[in-house]
Amino acid sequence: MREVKERRTPHVFVILAALLLLAAALTWLIPAGSYERVFNETAGQTVVVPGSFAHTEASPVALWQLPRLFFEALSTGTAPQLMFFVFLLGGAFEVILESGAVAALCAWVVRSFRRRRQWLIPAFVGVFSVFGFTMGLTTASIVFLPLGMEAAKSLGYDEKAGMAMVMLGTNAGFAAGIYNPFSVGVAQTIAELPPYSGAWLRWLLLPALVVSTSAYILRRAGKPVLSTEEPLTKTPSLTPRQGTVLLLLLGALGWVVYGVGTQGWRVPEIAAVFLVLGILCGAAAGFSANRICTLQIAGCKKMVSGALTIGLAAALRLVLVQGGILDSVVHGLICLVEALPAWGQLLGMFYANALLDLLITSGSGHAAVAMPLMVPLADALCLSRQSAVLAFQLGDGLVNLTSPISNTLVSCLALSGVSYPRWLRYFLPLVGIYLAIGTAFMLLAGAVGY
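Residues numbered from 1 in each chain as written. Predicted model: local features only at pLDDT ≥ 70, side-chain atom pairs only at ≥ 80, totals over all residues. Heavy atoms only, no water.

**Student:** Even after reading the chapter, I still don't get the overall build of the chain, so can you show me in this structure?
**Tutor:** When you go through the chain residue by residue, the secondary structure sums to 20 helices and 4 strands. A globule of 450 residues ought to have a C-alpha radius of gyration of about 22 Å, and the chain, at 23 Å, matches this closely. For the chain, the proportion of its 450 residues judged to be buried stands at 54%. The contacts of the chain with a sequence gap of at least 6 include a subset with a gap of at least 24, amounting to 79%. Working note: accessible area of the chain is about 19,600 Å², and carbon and sulfur atoms make up 67% of it. Charge separation in the chain, taken as the distance between the mean sites of 27 positive and 20 negative side-chain charges, equals 15 Å. (Helix = DSSP H or I, 4+ residues; strand = E, 2+ residues; numbered from the N terminus. Rg over C-alpha atoms; globule rule 2.2 N^0.38 Å. Buried < 20%, exposed > 50% of the residue type's maximum accessible area, 1.4 Å probe, protein only. Contact = heavy atoms within 4.5 Å. Areas by Shrake-Rupley, 256 points an atom, 1.4 Å probe, with all protein chains shown as cover. Lys, Arg positive; Asp, Glu negative; His and termini not counted. Charge placed at Lys NZ, Arg CZ, Asp CG, Glu CD.)

Okay, here's the thing in C-alpha cells:
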C-alpha cells in the first residue's frame, strides 16, 4: 500500500510544471504593472519608489514560450551558478563519503550520544541557528546537509530528520535575524533605523524558534531505530588518512564561513573551494587521479534532478517578471494591508510579507521590494518602522522553506533525495506553529510600542 501511495505522489517536476502553467495563465488574467526603481547607495540595493506603481502594457506569456523561458532560466541569471555549485558540491562529497571518513566520524557521534541521542537534534538546531542569525548564511544548509544526514542516520533517525535539523536550524536563526545582514540589516538601512537596533525582541524570538523547531523534529523523528544496547565493537575507527580528510573538510568549511562572513563571498567562491576540496580529499584518501574523476562524476550524476529543479524554479519567477505581474501582486498585497482595520494592520504586514516570500525568496531582494513600500505605509498608519521591519523579517524567514523557487530548498532537496511533496507534508505543520509564534510576537511588538 505504501508503494502505491508513493507512485501517486507527483514528481517535483510535475508540480513545478503545473505552477509554470498557472503563472503563465495569471499573466493573461492579472493586469500588468510595475514600480519605478532607483539605486539606494546607503542600502546598496535597487529599491522601488513608493507611490510609483502604474499599470503597463500587458505582456502575457503564451504556452509555447515556456520551453524558451525554461532554457533562458537555465542559462542566464544566478540559476546556472547555483546548478553547477550543486554539481561540484555533490562531486566533492562523493569523494569524501567514499573515503569512509564521514562513516568513522558518525561512529564517534553514535558513541558520544549513545545514551542521550535526543540531544543530538537540539544541538544541531542550536549550532546551525548561529549561522543564520549572525551572518544570514543559509548556504550553510547546503554545505552541511550531508554531514547532518549521516549523523542522523547513524543514530537511527531517517533522512528527513537529518535534513531538517540542519536546514531548519539555519532557517530558525535566519528568521530570528538578530544580526542578519541580508534581512534585518538591509531592511533597517532602508527604513533609516540604527543598524541592528531593537535586538532585544529578536533575542526573545530566537529561543522560541529554536525550541519549537527542535521539539517538532524530535516528535516527527520518533524513537531511533538503533538499540542503545547494540554493541559498538564493529564500528570503524578513524584512520590517519580519514583524519586528514576530515581536517581538510573542517578547514574548507571554516574558510567558507570566513569568506562569506567577512569577504562577501558568493556562489563562485564557495564552489571553487569545494572543487579544490574534492581533489585534495581524494589525494589524502589515497585515490588515483582516475578514481577521483570517476567519483566526482558519480556525485554530479546524483545531482542532475536537483539541478534541473533549480532551473524550473528560476523559470517560474522569470514567467512572473516577463509577464509583468510580480509588481502587480506586490501592489495588491500592500493595498490589502491598507484596507485592514487598525488592530489588524501590523498583522497584515506580517502575513502579506509571508505571502510575498513565496515569490521573492531572497532576503535582501525581498527587503528591496517590500521595505520602501512598507515604511511610508507604517508612517501613514502610525505604526513604528521597527515593527514594520519585524513584520518583514518574520514574513520573510518563517515560510521561506515552503516556496518551490527557494534556492536553498531546491538545492537541499537535490542533495537529500527527498521529494518536494514529502518535504511539504513534513514541514507544513511546523509552518503553522511558526505563524502562531510570529503572530504572538507581532502582537507583543504592537503592545509594547516596539
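**Student:** Any chance you could explain a nonpolar patch on the surface here in plain terms?
**Tutor:** Where nonpolar side chains cluster on the molecular surface, the patch consists of Trp200, Leu204, Leu444 and Val448 and spans about 370 Å² of accessible area. Elements with a minimum of two residues in the nonpolar patch: α10 (199-221) and α20 (420-448). Note that Leu204 resides in helix α10. (Patch = residues over 30% accessible without salt bridge, like charges linked within 9 Å, V, L, I, M, F, W, Y side chains within 5 Å. Salt bridge = Lys/Arg side-chain N within 4 Å of Asp/Glu carboxyl O.)

**Student:** Quick question: what am I supposed to make of the environment of Pro195 here?
**Tutor:** Within the secondary structure layout, Pro195 lies in the loop between α9 (181-190) and α10. On the basis of relative accessible area, Pro195 is assigned to the exposed category, the value being 69%. Through-space distance from the C-alpha of Pro195 to that of Val184 is 8.3 Å; in sequence the pair is 11 residues apart.

**Student:** I keep staring at the packing of aromatic side chains and nothing clicks. Help me out?
**Tutor:** The relation between two aromatic rings is expressed through the spacing of the ring centres and the mutual angle of the planes. Applying the stated criterion across every chain, the model contains 13 aromatic pairs. Note on Phe350 and Tyr351: the rings are 5.0 Å apart at their centroids and 35° apart in plane angle, and the pair reads as tilted. The buried category is assigned to Phe350, whose relative accessible area is 0%. Cation over ring: Arg291 sits above Phe287, and NZ or CZ is 4.2 Å from the ring centre. (Phe/Tyr/Trp six-rings, centres within 6.5 Å; stacked < 30°, edge-to-face > 60°. Lys NZ or Arg CZ within 6 Å of the ring centre and 35° of its normal.)

**Student:** Can you walk me through the pattern of salt bridges in this structure?
**Tutor:** For side chains bearing opposite charge, pairing can occur when the charged atoms are close. For the coordinates displayed, the defined rule picks out 5 salt bridges. In this structure, Arg385 and Glu192 form a salt bridge, with 3.5 Å as the shortest nitrogen-oxygen distance. Pair noted here: Arg385 is in helix α18 (residues 385-398) and Glu192 is in the loop between α9 and α10, with a separation of 193 residues, a long-range link. Bridged by salt links that share partners, the residues Glu192, Asp379 and Arg385 form one connected network.

**Student:** Sorry, what's going on with the side chain of Asp396 here?
**Tutor:** Among the secondary structure elements, Asp396 is positioned in helix α18. Buried charge without a salt bridge: Asp396, with Arg317 as the nearest opposite-charge side chain at an N-O distance of 11 Å. One polar contact links Asp396 to His366, side chain to side chain, over a distance of 3.3 Å. In this structure, Asp396 is in contact with Phe174, Ser183, Asp357, Thr361, Ser362, Gly363 and His366, ignoring residues within four places of it in sequence. (Polar contact = N/O pair within 3.5 Å; in protein donor to acceptor, adjacent residues only side chain to side chain.)

**Student:** Hey, could you run me through the nonpolar core in this one?
**Tutor:** One recurring pattern in soluble globular proteins: nonpolar side chains tend to sit buried together. By size, the foremost hydrophobic cluster in this structure holds 149 residues, and its most contacted members are Met165, Phe274, Met349, Met371 and Trp423. For this core, the element with the highest residue contribution is α20, accounting for 12 residues. Beyond its immediate sequence surroundings of up to four residues, Met165 is in contact with Leu120, Ile121, Phe124, Val125, Phe128, Gly148, Ala151, Ala152 and Ile217. (Core = buried A, V, L, I, M, F, W, Y, C linked by side-chain atoms within 4.5 Å.)

**Student:** Sorry, what's going on with α20 here?
**Tutor:** Count 3.6 residues to each turn of an α-helix, and residues three or four apart come out pointing the same way. With 29 residues, α20 should reach 42 Å at 1.5 Å per residue; the first-to-last C-alpha distance of 40 Å fits that figure. Along α20, the sharpest change in direction is near 35° and occurs at Phe427; proline Pro429 comes one to four residues later. Within two residues after α20, Gly449 carries a phi angle of roughly 70°, on the positive side. (Expected span 1.5 Å × (residues − 1). Bend = angle between axes of the 7 residues up to and from the residue.)

**Student:** Please clarify how the environment of Met165 should be interpreted in this entry.
**Tutor:** Locating Met165 in the fold gives a position in helix α8 (residues 159-176). Linking Met165 and Val127, residues 38 residues apart in sequence, is a C-alpha distance of 9.8 Å.

**Student:** Please explain the packing of α8 against α10 as it appears in this structure.
**Tutor:** For any two helices packed against each other, the geometry is given by the interaxial angle and the distance between the axes. For the pair α8 and α10, the least separation of the axes is 9 Å and the interaxial angle reads 165°. One way to sum up the angle between α8 and α10 is to call them roughly antiparallel. Our pair here, α8 against α10, has a crossing hand that is right-handed. Facing α8, whose interface residues are Ala161, Ala164, Met165, Leu168, Ala172, Gly173, Ala175 and Ala176, α10 presents Arg202, Leu205, Leu206, Leu209, Thr213, Ile217 and Ala221. Considered class by class, the residues forming the contact of α8 with α10 number 12 nonpolar, 2 polar and 1 charged. (Axes fitted to C-alpha atoms, helices over the stretch in contact; angles between N-to-C directions. Parallel < 35°, antiparallel > 145°, perpendicular 65-115°, else oblique. Left-handed = near helix turned anticlockwise from the far one by under 90°. Nonpolar A, V, L, I, M, F, W, Y, C, P; charged D, E, K, R; others polar.)

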